[in-house]
Structures are given as C-alpha cells and as structure tokens.
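Here is what each chain is made of, one letter per residue.
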Amino acid sequence: MNNQESTEKQVPRTTLVIGYGNTVRGDDGVGPALVHWVEQQHWAGVTAQTAQQLFPEMAQDVANYKRVLFVDASAEPLPKVRLYPVLEASNTLMAHRCCPGSLLRMARELYGAQTEAHLLTIPADCMEAGTALSARTRFFMEEAQTLLAQFCAQE
Amino acid sequence: MSRTISIDPVTRIEGHAKITIYLNDEGEVRDARFHVTQYRGFEKFCENRPYTEMPALTARTCGICPVSHLMAAAKACDEILAVRIPDTAIKLRRILNLAQIIQSHALSFFHLSSPDLLLGMDAPPEQRNILALASSHPEMARDGIWLRKFGQQIIEKMAGKRVHPAWVVPGGVSSPLAPEVRDWMLREIPEGIRIIRRVLDWYKGVYGQFADEIEHFANFPSLFIALVSDSDYLEHYDGTLRVVDERRRVVADGIKPAEYLDYLAEYVEPDSYLKSPYFKMMGYPEGIYRVGPLARLNCAERSGAPLTSVELFTFRKLSKGAVLSSFHYHYARLIEILFGFERIEQLLNEPDILSPDVRAHAGPNRGEGVGMSEAPRGMLLHHYKVDRNGLVTWANLVIATGHNNLAMNRGIAQAAKHYVKGDKIKEGALNRVEAVIRCYDPCLSCSTHAFGDMPLQLQLIDSKGALLDEQSRIH
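Residues numbered from 1 in each chain as written. Chains lettered and ligands numbered in written order. Predicted model: local features only at pLDDT ≥ 70, side-chain atom pairs only at ≥ 80, totals over all residues. Heavy atoms only, no water.

Engineer: I tried to follow the overall build of chain B on my own but got confused; where do I start?
Structural biologist: In terms of regular secondary structure, chain B is built from 16 helices and 16 strands. In chain B, which comprises 475 residues, the proportion classed as buried is 64%. (Helix = DSSP H or I, 4+ residues; strand = E, 2+ residues; numbered from the N terminus. Buried < 20%, exposed > 50% of the residue type's maximum accessible area, 1.4 Å probe, protein only.)

Engineer: Looking at this model, I keep getting lost on the sheet that holds strand E11 (residues 289-290) of chain B. Mind explaining?
Structural biologist: Two modes of strand pairing occur in sheets, parallel and antiparallel, and in both the strands are linked by backbone hydrogen bonds. Residue and element names in this part refer to chain B. In space, the four strands of this open sheet follow the order E8-E7-E6-E11, with mixed pairing throughout. In this open sheet, the two edge strands, each paired with only one partner strand, are strand E8 (250-255) and E11. In the sheet, strand E6 (residues 223-228) pairs with strand E7 (residues 240-244) via five bridges, with the strands oriented antiparallel. Across the sheet, the residue bridging to isoleucine 225 is valine 243, located in E7. (Pairing = 2+ DSSP bridges.)

Engineer: Help me understand the packing of helix H3 (residues 66-81) of chain B against helix H4 (residues 87-119) of chain B, please; the structure alone is not making it clear to me.
Structural biologist: Residues and elements named next belong to chain B. Across the interface, H3 lies against H4 with an axial gap of 9 Å and an inter-helix angle of 150°. Relative to H4, the element H3 lies roughly antiparallel. Where H3 crosses over H4, the two elements pack in a sense that is left-handed. Contact with H3, carried on its side by Pro66, Val67, Ser68, Met71, Ala74, Lys75 and Asp78, involves Arg93, Leu96, Asn97 and Gln100 of H4 and no other residues of that element. Its residues assigned to classes, the contact of H3 with H4 shows five nonpolar, three polar and three charged. (Axes fitted to C-alpha atoms, helices over the stretch in contact; angles between N-to-C directions. Parallel < 35°, antiparallel > 145°, perpendicular 65-115°, else oblique. Left-handed = near helix turned anticlockwise from the far one by under 90°. Contact = heavy atoms within 4.5 Å. Nonpolar A, V, L, I, M, F, W, Y, C, P; charged D, E, K, R; others polar.)

Engineer: Help me out: how do you make sense of the sheet that holds strand E14 (residues 392-398) of chain B in this one?
Structural biologist: Residues and elements named next belong to chain B. Read across the sheet, three strands follow the order E12-E13-E14 without closing on themselves; strand pairing throughout is antiparallel. With partners counted over all chains shown, the strands left at the sheet margins are strand E12 (368-375) and E14, one partner each. The mean angle between the axes of side-by-side strands here comes to 10°, regardless of whether they run parallel or antiparallel. Where E12 meets strand E13 (residues 378-386), eight bridges bridge the pair, whose relative direction is antiparallel. In the strand pairing of E13, glycine 371 is matched with histidine 382.

Engineer: Help me understand the pattern of salt bridges, please; the structure alone is not making it clear to me.
Structural biologist: Side chains that differ in sign of charge can pair as their charged atoms come close. Residue and element names in this part refer to chain B. In the structure shown here, the tally under the stated rule is 32 salt bridges over all chains. Linking glutamate 301 and arginine 248 is a salt bridge whose minimum nitrogen-to-oxygen distance equals 3.2 Å. Taken together, the residues glutamate 301 in the loop between helix H10 (293-299) and helix H11 (306-316) and arginine 248 in the loop between E7 and E8 connect sequence positions 53 residues apart. Classification of glutamate 301 by relative accessible area gives partly exposed; the value is 39%. The salt bridge partner of arginine 296 is glutamate 336, with a shortest N-O separation of 2.6 Å. Placement of arginine 296 in helix H10 and of glutamate 336 in helix H12 (residues 329-348) is noted, with a sequence separation of 40 residues between them. No difference in accessibility class separates arginine 296 from glutamate 336, as the two residues are buried. (Salt bridge = Lys/Arg side-chain N within 4 Å of Asp/Glu carboxyl O.)

Engineer: It is not clear to me how the environment of arginine 128 of chain B should be interpreted in this structure. Could you clarify?
Structural biologist: If you trace the backbone, arginine 128 of chain B turns up in the loop between H4 and helix H5 (130-136). For the pair arginine 128 of chain B and serine 114 of chain B, spaced 14 residues apart in sequence, the C-alpha separation works out to 8.5 Å.

Engineer: Mind showing me how you'd approach the pairing of E6 of chain B here?
Structural biologist: In summary, the side chains of a regular strand alternate between the two faces of the sheet. All names here are of chain B. Of all six residues that make up E6, six are buried, and the element is covered over most of its length. Side chains Leu223, Ile225 and Leu227 project from E6 onto one buried face, and the interleaved Phe224, Ala226 and Val228 project onto a second face that is buried too. Examined bridge by bridge, E6 and E11 share two bridges and lie parallel to one another. Residue pairing for E11: leucine 223 is matched across the bridge by tyrosine 289.

Here it is, written out as structure tokens:
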C-alpha cells in the first residue's frame, strides 16, 4: 500500500492507548507502566503503545483509530488524576517532538482523520534517575486504571 | 560602536547551542562563533565499566542516533575480543545502520530543514516547522513521516526497540533476522524508493531558488573525510578513511581506525564544550575538514546501487572538484536515503541473510580497541582501553558533529558577514545564520559527550566585550 493509498483506504479502528514517558526517570514512566497494564487486560478493540516521547510520525497511528487516549505523568502539583479532551494544537512552534494536540492536528491535516482524543494525566512526585514509581504515583495508578477501563469500554 | 548579536536558541537542531556575532565599529560583522553549552562526561563515567557494557552505555549518548554509537562501540569491542564476526552479522549491522541513516536524514530534511525550503527563510518562526508544513505541504509532510517511520520500524523489528536497542553486541548481534521481518522490509522498500525519488526530483527542481544561500552557506575550500570501501564504494559501516581536498584530490587514504591519532588531533575551544578536531598534517586551524553526507559523496567514487549511481552522477555536476557549499548537505542526505533503501534491498537478498550464525564468542584478547563507522552526521569513532579483567580504563569518543566544529564556525561567520547588517537585524537574517548550522544537522547531545532544556542565546557584544543587547527564542 503506497503513501497516498494509505490515506484513502484506512478504516479507523477502535481505541488506541499511548503511554509515553522516560521509564528510567522515575514517575515519568507511569504512562508506559499503565500501558503495560492495559496490554495485560487483553481488551478487544484496544491497541496499546508505549513511547519515550511523542513524535510526528505517530500522527499516522493516531489517524488509524476512532479514539486515542494519551497517558502521561504530570509534573504539576495536581491533587488527582485527570482525564480531559485534547484539542488540536493551534501553536505550531515545535521541532521534532510533539504534544497530543499537534498529533491530532496532523492526523486530520495529513490523513483526513477525525480522531477523538483524550489525555489522562497522573500526578508525578519524583522524576529523578531510576525505574521505580513513587508511592504517591503508585497510589494514583488505581484511579487511573479505573478511568482507563471505563474509557476503553466506551465506543 | 561595536556590537555583538547572539542567536539563542538556535532552532530546529538536535541539542542546544548559542551563536555570537561580533560587529566592528562600523556595524559590520567581524566574526561569529558557535558555542555548545552542553556537557556530557561519557568518556569519564565509562571508566571502570566492563567493556561489554559500552554499546549500551554509549548508546545513551543520544536518542536520535543511538544505533551509530552501538556500531562504533561494538566494533571497538570486536577489536578487544580480537574476533572476526560472522558475515551475516556484518550484513545485519549494515542494515540497521542504514535504517538509522534513513530515519535520521528524514528527520533532518523533512522536520528540521524543509520548512525553510518550502515556507521560506523569511517566514516567522512559528510557521517554520513540521506542523505548519502539514497545513501547507501535506504530501511533503506525509513523505517525511513515512520515511522516518519506516527507518524506525526496521530498527524496532530487527533490534527490539526504536531507541537504545540492545541487539548489537560485541562479536555480532544477539539474534538472527526473522524471515517475516525480511519479507516485510522487501515489500515496503519499493514505496520508500518511490517517495525519495519523488522528493529528489522536487529538490533538484527547486534548489536553484536558493542560489544566494548556496553561495554563502559555509561555501569554502576544506578537506573532506569519510570511510570508503577498498573498491572506492560509498561506505557507512566499514572500510578505511579517505581525505580529499577541495579538488577531490586524495590527500590521505587507507587510514585504518587504529591509526586515527596519527592523522587527527583535537583543539579545546575556550568558549564551547565542543572540541575542534583538525587534520594534523596541516595544523590548527588550517587542517579544517568536514564529515557527513557531503563528505561521503565527495570521498567515494561509486555507490554500487543503480539509482543512487544516477543521482551521484548528477550531483557531481555541481562542481568540477568537491562540492563545497554546505547547503548541498541537504541534497547529499536525500541521495543517501535512496542509497539506504537500495543497499538494504541488496543485503536482504543475500543468500545467508537469515543464517542463525550471527555472533562470535570470546573473551578480551587485546587491551585496546578502536571502532569506526559513519553516523548520519559523519565519521564516528570509539576508542577504548581495558585492563586484564576487561574493565575500561580509558575511553575517547570522537563524534561526527565534533569533526564539523571548525567548519560550522567558519560557516556561521561567512553567513553572518553576508546576511547580518549592523542595526538591521531581521528574522530572515538570523534564520539564515541558524540554517547554516542545520545544513550540518549537528547532534550536539552526542558531541559534547546537557540535560534540560537550555535556551540558546543571541548576544550583542561591543568591541570592548560589553553586552549591548540580547535576544532569545526559547520554546
């Protein structure tokens, strides 16, 4: 399938979960950790991916799905897990890494996709070198898992 | 009154840097300097580590070109083992290396540099990026995404993951190539070749619009250094070093990796963490040389790949001798992407490519090893010394971007003198000075062997050294 044909023949699948972050920087790895949990649930219609960071080439992956859920650590002092819709990025200032909004925008502009996207953020305490999640982030993972399950169960 | 203009940050490059432009009393550019503000320390903290860890350790130097460090590190370790690795392992390493060159060159051209070419050097910064390109030139953006993604997928399918894979090891690779992965690559390669040929045809039709930039973007005589095979073929994994001058006359040839210190030395710059290698026979700074795609095409005589050979023939028409303008790094990168596809296809069709014999096993048999390969940005060299227990006692990493330091400095000065006019500092002028750096596609994270998001500063300094003005473009 060539590049142009892939634009025309793609049939959006159901749900993509992308957990991104650096797994050797403490709580920054909570996104990939949650994705590994999703993989173990074997939910029908759900594809899970991990990434160190978001890249422009992921726009094609986003375009292949009806719904995408980005999962990331949040360094802001949030008291809880947050799940909220992602809007297309209006600010185009970027280099070679992306935010969810810019991927959403590229998915539409390059592949004609009307993907619905949400972002799930989990409070992060410590992003120092190491692979372990902090106690606080582990505490919030249970709530994040509940929200993930609810999101993936929807159509 | 003299002034100094600094560009901070230098946008759309890997890593962070600063450019300082010095003006004289008449407001004309007197000089310009490129400062790298990152410090890494890999050569020091690798000491006392087992040599077997060096591929994995040094791959962490960079998230864009870790495969390059894997190659050079593994080759240095092969020398310590004193083994000849299986032929299949060599071919598999070559494929992985070429896949990285494809994805890295695609990143450099499509994401970092094509916004200048397509949207204009004078466009506002917020419009000169891949996201804006998606709106204005969606086919070009899709092409860039497809090429980079394919290169990364090869790395992931062969080596286990896209960033910092552990598959390349001392003695070979850790597992053979799966038949389904080979078949997948062979199915997709024709599309990759179609895309890059389309982009090459487009590029050859438009680069003439940048005649002024071609003339003034680091366009000066210098040496060029690259690996070539023993039959003068374009090389990225093995071979020996060749040095050619601005007329493509061979100055030195057949330089083995272990002999590099006989030919190259490094000068420590007082205002940058990036050192300046130079060709010893000509001294510092006259021994200035360039590495990378432009150097590789200037040094090799042939490619061994049919479509690439046609493009190489056309490329050579740019000059009777070596192609000197650093603007043509972009052109050279596109040719190398095409070469990558053709060469990978050739290797995949080798009868032994699925052989299970992919690793030679041994213990340390030598106290020293030098590994050299061509990274996307140029010649990369890892040199280790180990004790009887195989612990690293000393390491020297000579990085591609470092080789180009002198050339980048001279290029910035040349561009600044042409485009920056005293008190009329326009965005397009500053962008052109930055764009000179982007021609080299520097990987500053590698070459300073910093954490964090350091801003790149633009400073204006008078003839007495006082700071007169400062600008920054932090994002």
